[in-house]
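As a plain string of letters, each chain reads:
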Amino acid sequence: MLIVGAGPMAVEHGRAARALGWSPTLLARSGDKARKTAEESGLQVEFGDVQTWLEMQSPQDHAVVAVSVDALAPVTMALIAGGVGKILVEKPGGVGAAELARLDAAAEASGAEVYIAYNRRFFASVRAARTRLLEAGGATSLRFDFTELAWKVATLKTPAAVKAAWLYANSTHVIDTAFFLTSEPERLRTEIAGGLSWHPVASRFSGSGRTDQGCLFSYVADWESPGRWSVDVRSHKERLLLEPMESLQVQAAGGFSWESVPLDNLDGGLKPGILAQMRAFLDGHGGEHLMPLALQARRAAAVYDRILTTS
């Protein structure tokens, strides 16, 4: 199993694969990075470019892409061209609807299965919320907030192109969780305002609509003001709040008090959601939680790009 990348997320994926009995190989871009990561993680790390590495190895059935956001799509495209059959690529898979559409077309043409690694889908809090919503007959309404810490993002040593696509690169974590718990948007009206030096298109966002299962939703995000990610979803039986998203609070119908839901921590000491996500990717256990690339490509055009406009 190949994991392209040698940074913290690549190491997390490697540790998760090893915990599940696999022997992953991480691929770094330089010898120095390979040696450092191998020493610090205890994982097998090699270096080189993806295409050359694939040409020198036996065919790979599984691969994970955990590189910088701007390199996700090109690396995934190289893996598809190299005949890899099943690929898990870190979110968001690509920066924009056009890039994701090209990637999806290549995957479909080759028959490759490609999934986007939204590990919050595998949080214990999200799994518990999803179970409760299914038992209650589904969500009736939804509110979510994807406010970002703009003053912190401004200081990051992140390429300007990635910061300019920050909604894709980071905010889609919470947007995806919100619609994963409910269903896909069928109607959407959006408003934007403001702008930042590193994200000039907008810094304040609001919108509302209806999902294809009749759940009414609204959202707000103000990157110029304090705030935090949250998902607030309701059913006929109760109100569920993920804020922070690693926790779950419930308000029963007919009452006002909040109750914290005990959660089973199945993360094995790894970053939350990573182990369960890897298990779903490798053996299909919980695979319905994985985000298909085809859905990400459709949602990019129908939702993510539209959130960045007034419509």
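Further up the page is the structure itself.
The rules behind the values
Residues numbered from 1 in each chain as written. Predicted model: local features only at pLDDT ≥ 70, side-chain atom pairs only at ≥ 80, totals over all residues. Heavy atoms only, no water. Buried < 20%, exposed > 50% of the residue type's maximum accessible area, 1.4 Å probe, protein only. Helix = DSSP H or I, 4+ residues; strand = E, 2+ residues; numbered from the N terminus. Pairing = 2+ DSSP bridges. Salt bridge = Lys/Arg side-chain N within 4 Å of Asp/Glu carboxyl O. Phe/Tyr/Trp six-rings, centres within 6.5 Å; stacked < 30°, edge-to-face > 60°. Core = buried A, V, L, I, M, F, W, Y, C linked by side-chain atoms within 4.5 Å. Contact = heavy atoms within 4.5 Å. Axes fitted to C-alpha atoms, helices over the stretch in contact; angles between N-to-C directions. Expected span 1.5 Å × (residues − 1). Bend = angle between axes of the 7 residues up to and from the residue. Parallel < 35°, antiparallel > 145°, perpendicular 65-115°, else oblique. Nonpolar A, V, L, I, M, F, W, Y, C, P; charged D, E, K, R; others polar.

Asks: When you look at the pairing of strand β10 (residues 216–222) in this model, what are you seeing that I'm missing?
Replies: Residues in a regular strand project their side chains so that they alternate between the two faces of the sheet. Residues of β10 alternate between two faces, with F217, Y219 and A221 buried on one and L216, S218, V220 and D222 left unburied on the opposite face. As judged from the 5 bridges shared by strand β7 (residues 141–145) and β10, these two strands associate in the parallel manner. Each bridged residue has a counterpart across the sheet, and for R143 the counterpart in β10 is S218. Here strand β9 (residues 204–211) pairs with β10 via 7 bridges, running antiparallel. When the bridges of β10 are listed, G209 appears paired with F217. Between β9 and the antiparallel strand that follows it, β10, lie 4 residues; G214 among them carries a positive phi value of about 85°.

Asks: Where do I start with the pattern of salt bridges in this structure?
Replies: For side chains of opposite charge, pairing can occur when their charged atoms come near one another. Taken as a whole and judged by the stated rule, the model has 10 salt bridges. Between R15 and E12 there is a salt bridge, with its nearest N and O atoms 4.0 Å apart. One end of the pair, R15, and the other, E12, are both in helix α1 (residues 8–19), 3 residues apart, so they sit about a helical turn from each other. What makes R15 partly exposed here is its relative accessible area of 30%. One salt bridge connects D232 with R239, and the closest N-O pair in it is separated by 2.6 Å.

Asks: I would appreciate a short explanation of the packing of aromatic side chains in the present structure.
Replies: Geometrically, a pair of aromatic rings is defined through the distance of the ring centres and the angle of the planes. One pass over the structure, following the stated rule, counts 10 aromatic pairs. Taking the centre distance of 5.5 Å and the plane angle of 25° together, the rings of F144 and Y219 count as stacked. Of this pair, F144 sits in strand β7 while Y219 sits in strand β10, and the two are 75 residues apart along the sequence. A single burial state applies to F144 and to Y219, both of which are buried. Here F205 and W223 contribute two aromatic rings whose centre-to-centre distance is 5.0 Å and whose plane-to-plane angle is 55°, an arrangement assigned as tilted.

Asks: Quick question: what am I supposed to make of the nonpolar core here?
Replies: When a protein is soluble and globular, its nonpolar side chains tend to lie buried together. Of all hydrophobic cores here, the largest spans 75 residues; its most connected members are L79, F144, F146 and W223. By residue number, the principal contributor to this core is helix α9 (residues 166–181), which donates 10 residues. Beyond its immediate stretch of four places on either side in the chain, L79 contacts L2, V4, V50, L54, A63, V65, V84 and I87. Counting residues in hydrophobic clusters, the runner-up holds 27 residues, among them M1, I3, A10 and Y115.

Asks: What is the right way to read the sheet that holds strand β14 (residues 259–260) from this model?
Replies: Sheets are built from strands paired through backbone hydrogen bonds, the pairs being either parallel or antiparallel. Strand order in the open sheet formed by 8 strands is β8-β9-β10-β7-β11-β12-β13-β14, with mixed pairing between adjacent strands. Where the open sheet ends on each side, the last strands, each with one partner, are β8 (185–193) and β14. The pairing of β7 with strand β11 (residues 230–234) spans 5 bridges and is antiparallel. Bridging across to β11, R143 finds its partner in D232. Helix α11 (residues 293–307) rests against β8, β9 and β10 of the sheet, and its axis sits at about 20° to β8.

Asks: Where do I start with the side chain of H13 in this structure?
Replies: You can see H13 is positioned in helix α1. Residues contacting H13, with those up to four places away along its chain left out, are I3, V64, A66, L88, E90, I274, Q277 and M278.

Asks: Please clarify how α11 should be interpreted in this entry.
Replies: Each turn of an α-helix holds 3.6 residues, which means side chains three or four residues apart point in the same direction. In this model, α11 (15 residues) spans 19 Å end to end at C-alpha, consistent with the 21 Å of a helix rising 1.5 Å per residue. When the local axis directions of α11 are compared, the greatest deviation, roughly 50°, occurs at A300.

Asks: Could you clarify how one ought to interpret the packing of helix α6 (residues 124–135) against α9 in this entry?
Replies: Packed helix pairs are characterised by how far apart their axes lie and by the angle those axes make with each other. Look at α6 against α9: their axes get within 10 Å of each other, and the N-to-C directions meet at 25°. It follows that α6 is roughly parallel to α9 by the angle criterion. Residues V126, A129, R130 and L133 of α6 touch α9, and the partners they reach there are T177, F180 and L181. Its residues assigned to classes, the contact of α6 with α9 comprises 5 nonpolar, 1 polar and 1 charged.

Asks: What am I meant to see in α9 here?
Replies: Helix length check: α9, at 16 residues, gives a terminal C-alpha distance of 23 Å against a target of 22 Å (1.5 Å per residue), a fit within 8%. The largest bend along α9 reaches roughly 60° and is located at T172. α9 sits mainly inside the fold: 16 of its 16 residues count as buried.

Asks: How do you make sense of the sheet that holds strand β6 (residues 113–117) when you look at a structure like this?
Replies: If you trace the 7 strands from one edge of the open sheet to the other, you get β3-β2-β1-β4-β5-β6-β15, paired in mixed fashion. The sheet is open, and its two edges are formed by β3 (44–47) and β15 (291–292), each paired on a single side. Bridge analysis of strand β2 (residues 25–28) against β3 gives 4 bridges, and the strand direction is parallel. If you follow T25 over to β3, its bridge partner there is Q44. Of the strands in this sheet, β1 (2–4), β4 (62–65), β5 (86–90) and β6 are in contact with helix α4 (residues 72–81), which crosses β5 at around 175°.

Asks: Explain the environment of F256 to me, please; I cannot follow it from the model alone.
Replies: In this fold, F256 is placed in the loop between β13 (249–252) and β14. We classify F256 as exposed; its relative accessible area is 76%. Sequence-wise, F256 and R239 are 17 residues apart; in three dimensions their C-alpha atoms are separated by 10.0 Å.

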